[in-house]
Each structure stands twice: as structure tokens, then as C-alpha cells.
Amino acid sequence: MDPAETLRMSLRAIGSHRIRSSLSAFGIVIGIAAVVTLATLGTSLQADIVSQVAGDSAPNMYVWAGQSNGQPGASAQPVFTSHDVTAIRSLDGVADVVPRGFVATASVTYRGNTVSQSNVVATTPAKFDGQEFAAGGPFEQGSRQVVLNPLAARMFDRTASVGDRVTVRLSDGRRVEATVAGVLNSSQGTDQFEGQSSVPRVYVPTDPFYGQTVESPSQGGDQRAYPLLTVVAEDHEDVPVAKRQVRRYLRRNSDAATLRPDAYSFHVRTDEDLVEQVREILNTLTTFVTSIAVVSLVVASLGIANVMLVSVTERTREIGIMKAVGAQNSDVLQLFLLEAVLLGVFGSLFGVALGALGGYLATEYVGLPLVFAVEWVPIAVVVGIGVGVVTGLYPAWSAARVDPIDALRYE
């Protein structure tokens, strides 16, 4: 039988039973639409989170000594001495090293209003390079000044502003009077140590607030020791080389190698490492959720198989006439198989269109930027054709095996 004639007869057979064919293809439409919608939603969520994590990321490396390679800074120990900070700063490709420690505090008081506060971070002015200030600017090293994020500035009865005086009460009972040097523009974390959580944070200079010291194994004498370091490379291209050098120094020549507990190891993580980790997690989540939608395709395939089997029964006499006028078993097989494939193709095409619309509406509702999962379109079409082939094989084979004499006598 001529392929064009086979196509014409298949379309006519589908058109003569529009409602039944539409309901059969509707299962494919819903299945494909669910897959495309969920894939688009997952892709959009991934793009949004990755852009927030990466943003205009600086060429930073985050260094700490801890028990696990989980959340950056988790269980970090103060093992990096001032000597280590200076030595790492002198490595090729390293522009700066920003140490960070935590000041044991009990509260912060502003204009008679005392607020419990343990998020007092001791660091250097370089911590604020590239950050925007709503007012003021970084503190000066060696001064009694503080920098507040917006949540910290608003945690009192009245909002603290640049030039105001606050009192930091240390855990040992001492009180330190300080001046607000600046208020940051955002309370969101700006690096991996702070993450994306928004909490009130008070930043103070390591000198004079930070007093954690240890004896330097290489230099002798007490030196400040920090649990966290942010190593800034000179450029993004220098990050891999600088990362290797930092690891090599920490393992071989650093004070930290001697001071860290035996169960602890050094961790050096970049912004790109975190982005890749987030991307892998979201890919896994998207694949899992999308695979659930594939179950609807299995149900849809049963619908097509049922329609084709019913069609064979209803068209037994037609099959007998076709064979009586010279149609071969292969012609009948080709005809019924093509009908099933066409149902799958039509269902796939309409499913992709509906899925694209569903993805758009879902991302609009959630408030995500739309990133259409283009790679799922050919997959959806191939799946639709595959469903048509698989579910149409047995009905087509049954139709091809119909005896023409029995078929002509069929009522």
C-alpha cells in the first residue's frame, strides 16, 4: 500500500471517531504537559537560585578547618594565625586575605534599649569591598567602630544610624562604647560563610575587639587565631591556581596544620563550587519530580492501547474487505500502527504547547523568571511517538492476523 494512502486512511479513521480519538490522545496531552510544566518550573527555579548564589560573585575562596565538608564554616576552629594570614596573602594570584572571627558578646545597647546579640563578627575593612552601604562606610582598623546590616540597625526601638553610639557588652562583662561607621544596604549574606539567611549582624574590627589568641608554632609568641578566612584572588582566572597554592601551604607550612585537631581537615571552597553543588541538587530534584509526571504517560499509553483494540474489533469487516481486495498483512499492520503513532504525535504536540503555557503560568504564580526547558521538547515528542508505537503494536498485529473470510462474515 502506498504510504500516502496509508496516511490518508489513518487520518480518516481517526477523524471518523473524533471524540474517542481525542479522549485517547488527551491522556498523552496531560502527561506531556505535566512533564514539560514541571521541567520548566524546575529549570526556572534552578536558574533563579543559581543567579542569587552566584550573582556578580567575587573571585573568593572560603577557608576553614572542620569535621565535615558541609555548610561552610560549620564547626570551624580558630587555627589560622596572623602569620598564616600574612603568608597566604603573599602567595601568587592572591590579592587579599580577610580573616573572620566571632566576638563573645551578651548584648548591644542603643539609647537605653538593650538587645541580646551574639552575631558580632570581627573582621577587617576589606570584608566590605564591593558591598553597598545605605549610609556611611566601612569601619577603620584599630578604632571602636561598628558596621550594621539593616536588620541590626532596626533591632532597637529606634533605628540606629551613622554616627550614633552603641554599647557592646562582652560575655566577660566588659562594656565597649563604639560608633556606627556604616549601615549596609542589604541584610542578605554576601558570601558562603553567611549564606542567604537574613539575621541581624554587627561587624567590628579585629583590632581591638577580637582577642582569641594561640601560640604560633612557627614564630613563637601569642598571635590572633581565626576560624575563617576569605582568600580573594586577583582575578577569576587565578582562582584555580590560588586554590591549589592555598591548599599546599595549609598542608605543609602553616601554623594551622599543627594547631588543627586530628579529626579536622582543611576545606577550601569557591563560589563556583557552591553554585555547582546547588545545581546538582536542583537537577536531582527536578528529575525526581518530573519522573512522577511520567506515570501519567503510562496511564495514557493504556488508553491508546484500549482505543486501538476496540478499533480492531469495530473494523473487523473493513479489515476483511481490505484483505479481499488485495491488502497484505503488512499493509493492515502499517495502517493500524500509523494510527496509534499519529495519536501519540498529536498528543505530544498539544502537550508541549499546554506544558509551555503551564510553565509560564506556574513561574508567574511563584514569581520566578521563565526559563523554558527546551531540551524536553524533543524528548516529549519522541516519548509520544514511542508510546504510540508500543501501544499500537499488539492491536496492529491482531488486526493483521484477522482471517478475511471470518472478517467478511463478522456482524
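### Describing the overall build of the chain
Move 1: Helix and strand content of the chain: 12 helices and 15 strands.
Move 2: The buried share of the chain, reckoned over its 411 residues, is 47%.
Move 3: Restricting the contact set of the chain to residue pairs at least 6 apart, pairs at least 24 apart contribute 77%.
Move 4: By element, 56% of the accessible surface of the chain is carried by carbon and sulfur atoms, the whole surface being about 19,900 Å².

### Digging into the environment of S118
Move 1: Tracing the backbone through its elements, the reader meets S118 in the loop between β5 (113–116) and β6 (120–123).
Move 2: Classification of S118 as exposed rests on a relative accessible area of 57%.
Move 3: When the C-alpha atoms of S118 and R201 are compared, they prove to be 8.6 Å apart, with 83 residues separating the residues in sequence.
Move 4: Setting aside chain neighbours within four positions, we find S118 in contact with V103 and T105.

### Thoughts on the pattern of salt bridges
Move 1: Scanning the entire structure with this criterion turns up 3 salt bridges.
Move 2: For R174, the salt bridge goes to D172, with nearest N and O atoms at 2.9 Å.
Move 3: The shortest N-O distance in the salt bridge between R224 and D207 comes to 3.8 Å. On the criterion of sequence distance, the pair formed by R224 in strand β13 (residues 222–226) and D207 in helix α5 (residues 206–209) is long-range, its members being 17 residues apart.

### Some points on the side chain of Q117
Move 1: Of note, Q117 is situated in the loop between β5 and β6.
Move 2: Apart from the residues lying within four places of it in its own chain, the contact partners of Q117 are T105, A106, S107, V108, M155, P200 and V202.

### Thoughts on the confidence of the model for the chain
Move 1: The share of residues in the chain with pLDDT of 70 or more is 85%, and the mean pLDDT across the chain is 81.
Move 2: Mean pLDDT values for the elements of the chain range from 59 in helix α12 (residues 404–408) up to 96 in strand β2 (residues 80–81).

### As for the sheet that holds β2
Move 1: The strand order across the open sheet formed by 3 strands is β2-β13-β12, and the pairing between neighbours is antiparallel. The sheet terminates laterally at β2 and β12 (213–215), the two strands that pair on one side only.
Move 2: The pairing of β2 with β13 spans 2 bridges and is antiparallel. Each bridged residue has a counterpart across the sheet, and for F80 the counterpart in β13 is Y226.

### Describing the side chain of T363
Move 1: Among the secondary structure elements, T363 is positioned in helix α10 (residues 329–366).
Move 2: Note on T363: relative accessible area 1%, which makes it buried.
Move 3: Setting aside its immediate chain neighbours within four residues, T363 contacts L41, S44, L368 and L370.

### A look at a nonpolar patch on the surface
Move 1: A cluster of nonpolar side chains, contributed by F26, I30, L354, L357, Y360, L361 and L370, occupies part of the molecular surface with about 650 Å² of accessible area.
Move 2: The set of elements that each furnish at least two residues to the nonpolar patch consists of α2 (18–54) and α10.
Move 3: For L370, a relative accessible area of 45% gives the class partly exposed.

### Overview of the nonpolar core
Move 1: In this structure, I88 and L250 are the most contacted members of the largest nonpolar core, which totals 47 residues.
Move 2: When sequence neighbours within four positions are dropped, the list of residues in contact with L250 reads V63, F80, I88, A257, F266 and V268.
Move 3: Membership of the second largest hydrophobic core comes to 7 residues, among which are V121, F128, F139 and A181.

### Details of helix α6 (residues 239–252)
Move 1: Taking 1.5 Å of rise per residue, the 14 residues of α6 would be expected to cover 20 Å, and the 20 Å separating its terminal C-alpha atoms lies within 8% of that figure.
Move 2: All of the buried residues along α6 are V239, A242, K243, Q245, V246, Y249 and L250. End-on view of α6: buried residues confined to an arc of 165 degrees, all on one side of the axis. Across from the buried face of α6, at angles greater than 90 degrees, the exposed residues are R251 and R252.

### Focus on the packing of aromatic side chains
Move 1: Per the stated rule, a full pass over the model turns up 6 aromatic pairs.
Move 2: Measuring from ring centre to ring centre gives 6.0 Å for F80 and F266, while their planes differ by 40 degrees; the resulting arrangement is tilted. Taken together, the residues F80 in strand β2 and F266 in strand β15 (residues 265–270) connect sequence positions 186 residues apart.
Move 3: Taken together through their ring pairs, the aromatic side chains of F128, F133, F139 and Y203 make up a single cluster.
Move 4: One Lys or Arg, R260, reaches over the ring of F266 and ends 5.2 Å from the middle of that ring.

### Considerations on helix α3 (residues 82–89)
Move 1: Taken as a whole, α3 has its buried residues at D84, V85, A87 and I88. Each buried residue of α3 sits inside an arc of 170 degrees when the element is viewed along its axis, so together they form one side.
Move 2: Tucked inside the fold, the buried residues of α3 contact β2, β3 (94–102), β13, β14 (228–233), α6 and α7 (255–259).

Thresholds, definitions, all that
Residues numbered from 1 in each chain as written. Predicted model: local features only at pLDDT ≥ 70, side-chain atom pairs only at ≥ 80, totals over all residues. Heavy atoms only, no water. Helix = DSSP H or I, 4+ residues; strand = E, 2+ residues; numbered from the N terminus. Buried < 20%, exposed > 50% of the residue type's maximum accessible area, 1.4 Å probe, protein only. Contact = heavy atoms within 4.5 Å. Areas by Shrake-Rupley, 256 points an atom, 1.4 Å probe, with all protein chains shown as cover. Salt bridge = Lys/Arg side-chain N within 4 Å of Asp/Glu carboxyl O. pLDDT = per-residue confidence, 0-100. Pairing = 2+ DSSP bridges. Patch = residues over 30% accessible without salt bridge, like charges linked within 9 Å, V, L, I, M, F, W, Y side chains within 5 Å. Core = buried A, V, L, I, M, F, W, Y, C linked by side-chain atoms within 4.5 Å. Expected span 1.5 Å × (residues − 1). Arc of directions from axis to C-beta. Phe/Tyr/Trp six-rings, centres within 6.5 Å; stacked < 30°, edge-to-face > 60°. Lys NZ or Arg CZ within 6 Å of the ring centre and 35° of its normal.

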